[in-house]
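Working through the structure, step by step
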Amino acid sequence: MSAQYVELLNQNLAELPKDVNVSFEFFPPNSEQMVKTLWNSIERLKVLKPQFVSVTYGANASTRDRTHKVIQDIVTQTDLTAVPHLTCIDTSEEELNEIADNYWDLGIRQILALRGDLPKGADNPGIYADHLVSLLKKRHDFDISVAAYPEVHPDAKNAQADLLHLKRKIDAGANLAISQFFFDIDAFLRFRDRCVAVGIEAEIVPGILPVSNYESLVKFAGPLNVKIPSWLHKRYEGLEQDPETRNLVGASIAIDMVRVLRNEGIKDFHFYTLNRSELTYAICHTLGLRPQD
């Protein structure tokens, strides 16, 4: 991590501004055990009063059905604000309108709009998330979030093209952008400055991934174009068979990142929970968030 942040990381937590807001991402479970894990996590984290909880949306019909089920259960069984992910790849306009209508009737007013992953071997049909944003805004007056990529989307031609695509999504009606997870804080802050330079006024919320399994992180970070700094590798070195210490290290890294970003004026954070609550709850507790009656 950059030397310029050493003083901030030595700062007493009592000095950290307390107006931190959080949101949490979950994914639809694919087994009874994972259903239990998911709901244990929701119950554990809901007492922190997140701004919203989002649920990811898969590439096949069965996963999509599970997403709808989780969203419906969150709406009917909790007082949380549920934000479903929705993708437009491999889905007709009629299907998207039907999904939008169903969500609206359920009381959903926020959606995270994404293009979605291309089916394996399929050509790019030229449909992107800005098309989905436009479709949703025409159908109902949703608050729409979109994805942002501080280290550039892996399918983008270059960083500038990716930035302009984000602007098209905002111009189409999105009012919030949530970033892909990252570990290079300087890269995120430069990205935020570049967003302002091209006229993006929507808030860019940093996505934070508390890492408990470094080997798994390396496997899926590469295809997402997320850079793994050398300092992160050194933090996890020698802990392959020590999950308890890995959890402590993961929480420590995420806490350090949020503290630095908060001192850069950021107060909203989106946590990729991977359906587990322990690390995220510990991080939020350290940042001053407490259960509220």
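Scope of this entry: the structure provided in the associated data block. (Residues numbered from 1 in each chain as written. Predicted model: local features only at pLDDT ≥ 70, side-chain atom pairs only at ≥ 80, totals over all residues. Heavy atoms only, no water.)

A look at the overall build of the protein
Using the following cut-off: Helix and strand definitions follow DSSP, with helices as H or I runs of at least four residues and strands as E runs of at least two, each counted in order from the N terminus. All radius of gyration figures rest on C-alpha atoms, and the globule criterion is 2.2 Å times the number of residues raised to 0.38. Three labels apply to residues, based on accessible area from a 1.4 Å probe with only protein chains included: buried if under 20% of the type maximum, exposed if over 50%, partly exposed otherwise in between.
Regarding its fold elements, the protein presents 11 helices and 8 strands. For a compact globule of 293 residues, the expected C-alpha radius of gyration is about 19 Å, and the protein comes in at 19 Å, within 12% of that figure. Summarising its shape, the C-alpha atoms of the protein cover approximately 55 × 40 × 35 Å along the three principal directions. For the protein, with 293 residues in total, the buried portion stands at 49%.

Some details on helix α5 (residues 129-139)
Using the following cut-off: The criterion used for residue contact is that any of the two residues' heavy atoms lie within 4.5 Å.
A129, D130, L132, V133, L135 and L136 are the residues of α5 that are buried. The inward-facing, buried residues of α5 contact β3 (82-87), α4 (93-106), β4 (110-114), β5 (143-148) and α6 (159-171).

Topic: empty space enclosed by the protein
Our working definition: The distinction between a cavity and a pocket rests on a 1 Å grid over the protein atoms alone: a 1.4 Å probe fits inside a cavity but cannot get out, while a pocket stays open yet meets protein on both sides within 12 Å along at least five of seven lines, and a residue with an atom within 4 Å of a point counts as lining. Grid points are joined across faces, edges and corners, and a volume is the space filled by probe spheres set on the points. In this classification, Asp, Glu, Lys and Arg are treated as charged, Ala, Val, Leu, Ile, Met, Phe, Trp, Tyr, Cys and Pro as nonpolar, and every other residue, Gly included, as polar.
Across all of its chains, the model carries 2 cavities of 30 Å³ or more by this definition. When its volume is computed, the largest cavity comes out at roughly 50 Å³. As for the largest cavity, its lining consists of A147, A148, Y149, D162, H165, L166, K169 and F191. Those elements that place two or more of their residues in the lining of the largest cavity are β5 and α6. A per-element tally of the lining of the largest cavity places α6 first, with 4 residues. Split into classes, the residues belonging to the lining of the largest cavity amount to 5 nonpolar, 1 polar and 2 charged. Taken together, F183, L209, P210, V211, Y236, G250, I253, A254 and M257 make up the lining of the second largest cavity. Considering each element in turn, the lining of the second largest cavity owes the most residues, 4 residues, to helix α10 (residues 243-263). Of the residues in the lining of the second largest cavity, the class split is 8 nonpolar, 1 polar and no charged.

Let's talk about the sheet that holds strand β7 (residues 203-208)
Inclusion rule: At least two bridges found by DSSP between two strands are what make those strands a pair. In this analysis, axes come from line fits to C-alpha atoms, helices being fitted only over the stretch in contact, and the angle between any two N-to-C directions falls in the range 0 to 180 degrees.
One closed barrel accounts for 8 strands, arranged β1-β2-β3-β4-β5-β6-β7-β8; its pairing is parallel. On average, each strand axis in the sheet is tilted by 30° relative to the strand beside it, whichever way the strands run. Relative to β3, strand β2 (residues 53-55) runs parallel, the two sharing 3 bridges. Among the inter-strand pairings, V55 is bridged to a residue of β3, identified as P84. Of the strands in this sheet, β5, β6 (176-181) and β7 are in contact with helix α7 (residues 185-197), which crosses β7 at around 160°.

Observations regarding the packing of aromatic side chains
Under the convention used in this document: Think of it this way: a Phe, Tyr or Trp ring, Trp meaning its six-membered ring, pairs with another when their centres are within 6.5 Å, and the plane angle makes it stacked under 30 degrees, edge-to-face over 60, tilted otherwise.
Following the criterion strictly, the structure yields 7 aromatic pairs and no others. An angle of 45° between the planes, with centres 6.3 Å apart, marks the rings of F24 and F271 as tilted. You can see F24 sitting in strand β1 (residues 21-26) and its partner F271 sitting in strand β8 (residues 268-272), a full 247 residues away along the chain. Grouping residues by exposure puts F24 and F271 together as buried. Judged by centre distance (6.0 Å) and plane angle (65°), the rings of F181 and F183 are edge-to-face. The rings of F181, F183, F220 and Y272 are connected pair by pair, giving a single aromatic cluster.

Description of the pattern of salt bridges
Here is the rule we go by: Salt bridges, as used here, are contacts in which a Lys or Arg side-chain nitrogen is within 4 Å of a carboxyl oxygen on Asp or Glu.
Evaluation of the coordinates by the stated rule reveals 8 salt bridges. The salt bridge involving D79 is made with K49; its shortest N-O contact spans 3.7 Å. Separated by 30 residues along the polypeptide, D79 in the loop between α3 (61-77) and β3 and K49 in the loop between α2 (32-46) and β2 bring together distant segments of the chain. Among the residues examined, D79 registers a relative accessible area of 63% and is labelled exposed. Its salt-bridge partner being R139, residue D101 comes within 2.8 Å of it at the nearest N-O pair. Highlighted residues: D101 in helix α4 and R139 in helix α5, separated in sequence by 38 residues.

Here's the deal with the side chain of T273
Turning to its location among the elements, T273 is positioned in the loop between β8 and α11 (278-286). Those residues within four positions of T273 in sequence are excluded, and the remaining contacts are F24, E25, F26, L45 and T280.

Remember, this is a structural readout, not a statement about activity or role.
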